[in-house]
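Report on the structure
One letter stands for each residue in the lines below.
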Amino acid sequence: MTREHVAVVGGGICGLAAAHRLARSGTRVTLLEGGDQLGGLGTFFPWRDRWVERFYHCVMPSDEHLLDLLGELGLRERVRWRRTRMGMVVDGRHHPFNTASDLLRFTPLRPHERVRFGAVTLLLRRLGRNRDLDATRTEDWLRGLYGDRVWELLLAPLFGAKFGARFGDVPALYLWQRLGREGAVATRGYPEGGYRAVIDALRASIEGNGGVVRLNAPVRRIGVADGVRLELPGEVLTADRAVSTLPLPQLRQLADDDLAARLPDVRLPYQGVVNALFFLRRPLSGHYWTPVVRSGTEFDGLVEMTPLAGVEPYDGMHLVYAMRYTDRDSALFAEDEAALAERWTAQLLALHPRLARADVEDVRVFRAPFVEPVPPLGYLARRPPVVVAGTPLLLATTAHVYPEVTSWNSSVGLANRVVATPVGAPRPVPG
Ligand SMILES: Cc1cc2nc3c(=O)[nH]c(=O)nc-3n(C[C@H](O)[C@H](O)[C@H](O)COP(=O)(O)OP(=O)(O)OC[C@H]3O[C@@H](n4cnc5c(N)ncnc54)[C@H](O)[C@@H]3O)c2cc1C
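The structure displayed is predicted, hence computed values, not measured ones.

Right, let's talk about the overall build of the chain for a bit. From N to C terminus, the chain includes 15 helices and 19 strands. Burial analysis of the chain (431 residues in total) assigns 57% to the buried set. Here the contacts in the chain between residues at least 6 apart in sequence split such that 70% fall between residues at least 24 apart. When the accessible surface of the chain is totalled, it reaches about 18400 Å², and 51% of it is carbon and sulfur. Here the chain contributes 54 positive and 48 negative side-chain charges, whose respective centroids are spaced 4 Å apart.

Shown next as structure tokens:
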């Protein structure tokens, strides 16, 4: 009997986890990655003799699917856990934002607002239970709880950093889930050897179980007549079943007419990200995460890796990521890398006057067009199914993880679920 052949499209964490699971179960699997490296949004670049993540990443203790996967790969004990802290810059002033006394001294809010802020934040998870937060606008929920002024002054710019102007419309369920994953003073983990160690271990597991991993293998066209037909430059690959991990707008562009007619009609906007990495000769603030609000910067947050990963992965330097989530069609997204690096360096120096230009060893800029699908109200019922009806094509994308937060953990959980999903016999396109 010939073994079933499954193609996995995309070599980010979702595709890697799916291919790993399939190969381990004895399925013949081929992973197709369009770029020259695996890891997707968790991928890395060479810096001196090291490999550094293009985008900041950390593991949370509640990341059960990811931690189980790391266990299978023998890497769970190689996650280094640290207690990390949060800062906040508002109107150019720096504030620690971790404890009750930090909050009581948090001058952007009036004294009675600080007390209300603390009480509501403590109760927020509980206040959200038994409410239909999927059908509640974040703005409506938070304005009601925190008050108009706190929403406008702090919460809208703070949380809006991820979704831009659309944040108020996003279901409050997203925020509620996120609060369950992250807190201000949080224990965070970072894998020894960086995310590259995890990616390499997944590749070794897939290949060790007889799977094939192909780089520089961009899928240009997908059809679903008689199995799955994948067109690559100069060749056609067929499979009995396929798992696509590509963002839905990208998949739509690759689908032939028959598949396009069968794809779910869910058209979400996606936020992209522009991200600058500063290699500094001295530490910045000691806070892992610092939102930056109304402070004359184009970036709206900083992540300092030193408190989490130390300086060893960065050849003794202190690595700081500055990020701005933005639309892939924005002028910022298209901007020249050198100009952006120069301007953001000046903004970082203005924000941290004790930092001198000579402290900035190097700056790199990376961007990604499809990072966060922006869910509409009532998305729980409108999420696309993981099987494209009547075809052997499965979808495992960041648009499928809601209400979970997009993360390596939710992608691994999704991959586990999708590879275990049966696909029915092919059916004609619905009328
Ligand atoms: C700035 C930033 C910070 C983040 N921080 C964290 C964090 O701290 N912790 C955490 O867990 N998560 C974090 N994430 C989220 C996490 O990186 C993503 O949720 C996750 O990587 C998504 O994985 P994926 O495999 O679904 O998609 P992707 O990583 O996007 O992978 C898709 C893959 O498909 C490939 N591809 C595209 N087109 C084709 C084609 N035609 N043919 C073949 N291959 C193709 C791409 O090259 C890519 O490798 C962060 C993301 C960003 C951007």
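Text resumes after the structure shown.
What follows covers the pattern of salt bridges. This structure, assessed with the given rule, holds 33 salt bridges. Residue Asp315 pairs with Arg50 through a salt bridge whose shortest N-O separation is 3.2 Å. Of this pair, Asp315 sits in the loop between helix H11 (306–309) and strand E17 (318–326) while Arg50 sits in strand E4 (residues 50–53), and the two are 265 residues apart along the sequence. Given a relative accessible area of 31%, Asp315 falls into the partly exposed group.

Further remarks concern the domain arrangement of the chain. We note that the domain assignment places domain 1 (5–79 + 193–268 + 375–419), domain 2 (99–183) and domain 3 (270–373) within the chain. Together, Pro375, Leu377 and Val405 form the three largest contributors to the area buried by domain 1 at its contact with domain 2, with a combined 42%. Counting the contacts that link domain 1 with domain 2 gives zero salt bridges. Inspection of the domain 1/domain 2 interface yields four residue pairs in polar contact (both at pLDDT 80 or more).

A few words on the state of the cysteines. Considering all chains together, one arrives at zero disulfides under this definition. Here Cys14 is not cross-linked by a disulfide; its sulfur's nearest cysteine counterpart is in Cys58, at 19 Å. Here Cys14 falls in the buried class, since its relative accessible area comes to 8%.

Helix length check: helix H13 (residues 337–351), at 15 residues, gives a terminal C-alpha distance of 21 Å against a target of 21 Å (1.5 Å per residue), a fit within 8%. Listed as buried for H13 are Leu340, Ala341, Trp344, Thr345, Gln347, Leu348, Leu349 and Leu351. Between a side-chain oxygen at the N-terminus of H13 and the backbone nitrogen of Ala338 the separation is 3.4 Å; the capping residue is Asp336.

Backbone-to-backbone hydrogen bonds pair the strands of a sheet. The strands run either parallel or antiparallel. Read across the sheet, three strands follow the order E10-E11-E12 without closing on themselves; strand pairing throughout is antiparallel. Two strands in the sheet have a free side with no partner beyond their single neighbour: strand E10 (221–223) and strand E12 (235–239). The average undirected angle you get between the axes of adjacent strands in this sheet is 20 degrees.

Looking now at the side chain of Asn409. Tracing the backbone through its elements, the reader meets Asn409 in helix H15 (residues 408–419). Within polar-contact distance, the side chain of Asn409 engages the backbone nitrogen of Glu64 at 3.3 Å. Not counting residues up to four positions away in its chain, the partners in contact with Asn409 are Ser62, Asp63, Glu64, His65, Leu66 and Glu404.

This part is about a nonpolar patch on the surface. Side chains of Leu122, Leu123 and Leu127 sit close together on the surface and give an oily, nonpolar patch of about 290 Å² of accessible area. For Leu123, the position within the fold is in helix H4 (residues 111–128).

This part is about the nonpolar core. As a rule of thumb, soluble globular proteins bury nonpolar side chains together. Ranked by internal contacts, the top residues of the largest apolar core, which has 65 residues, are Val52, Leu277, Phe279, Met305, Tyr314 and Leu319. Among the elements that line this core, the one with the most residues is helix H1 (residues 13–24), at eight residues. Residue contributions to this core reach at least three from each of two domains, namely domain 1 (5–79 + 193–268 + 375–419) and domain 3 (270–373). With near-sequence residues (within four places) excluded, Leu319 lies in contact with Val52, Leu277, Phe278, Phe279, Val303, Glu304, Met305, Thr306 and Tyr314.

Let's shift gears to empty space enclosed by the protein. Applying the stated rule across the entire model yields two cavities of 30 Å³ or more. Within the lining of the largest cavity, the residues separate by chemical class into nine nonpolar, two polar and two charged. Estimated volume of the second largest cavity: approximately 30 Å³. Surrounding the second largest cavity, Phe159, Lys162, Phe163, Phe167, Tyr174, Leu175 and Arg178 form its lining. Of all the secondary-structure elements, those providing two or more residues to the lining of the second largest cavity are helix H6 (148–163) and helix H7 (172–181).

With respect to spatial proximity, 28 residues lie near the ligand, and among them Glu33, Leu41, His57, Cys58 and Trp408 are the closest. In this structure, an oxygen atom belonging to the ligand sits 3.3 Å away from a main-chain N or O atom of Ile13. Separating an oxygen atom of the ligand from a backbone N or O atom of Cys58 is a distance of 2.9 Å. Against a free-state accessible area of 1000 Å², the protein chains account for coverage of 89% of the ligand. Residue assignment for the shell around the ligand shows that the elements contributing at least two residues are H1 and H15. Of the residues in the shell around the ligand, the class split is 16 nonpolar, 10 polar and two charged.

So, how was this worked out
- Residues numbered from 1 in each chain as written.
- Predicted model: local features only at pLDDT ≥ 70, side-chain atom pairs only at ≥ 80, totals over all residues.
- Heavy atoms only, no water.
- Helix = DSSP H or I, 4+ residues; strand = E, 2+ residues; numbered from the N terminus.
- Buried < 20%, exposed > 50% of the residue type's maximum accessible area, 1.4 Å probe, protein only.
- Contact = heavy atoms within 4.5 Å.
- Areas by Shrake-Rupley, 256 points an atom, 1.4 Å probe, with all protein chains shown as cover.
- Lys, Arg positive; Asp, Glu negative; His and termini not counted.
- Charge placed at Lys NZ, Arg CZ, Asp CG, Glu CD.
- Salt bridge = Lys/Arg side-chain N within 4 Å of Asp/Glu carboxyl O.
- Domains from an automatic or database assignment.
- Buried area = accessible area lost by both parts, 1.4 Å probe.
- Polar contact = N/O pair within 3.5 Å; in protein donor to acceptor, adjacent residues only side chain to side chain.
- Disulfide = S-S within 2.5 Å.
- Expected span 1.5 Å × (residues − 1).
- Pairing = 2+ DSSP bridges.
- Axes fitted to C-alpha atoms, helices over the stretch in contact; angles between N-to-C directions.
- Patch = residues over 30% accessible without salt bridge, like charges linked within 9 Å, V, L, I, M, F, W, Y side chains within 5 Å.
- Core = buried A, V, L, I, M, F, W, Y, C linked by side-chain atoms within 4.5 Å.
- 1 Å grid on protein atoms, 1.4 Å probe; cavity = no way out; pocket = protein on both sides within 12 Å on 5 of 7 lines; lining within 4 Å.
- Points joined across faces, edges and corners; volume = space filled by probe spheres on them.
- Nonpolar A, V, L, I, M, F, W, Y, C, P; charged D, E, K, R; others polar.
- Near = heavy atom within 4 Å.

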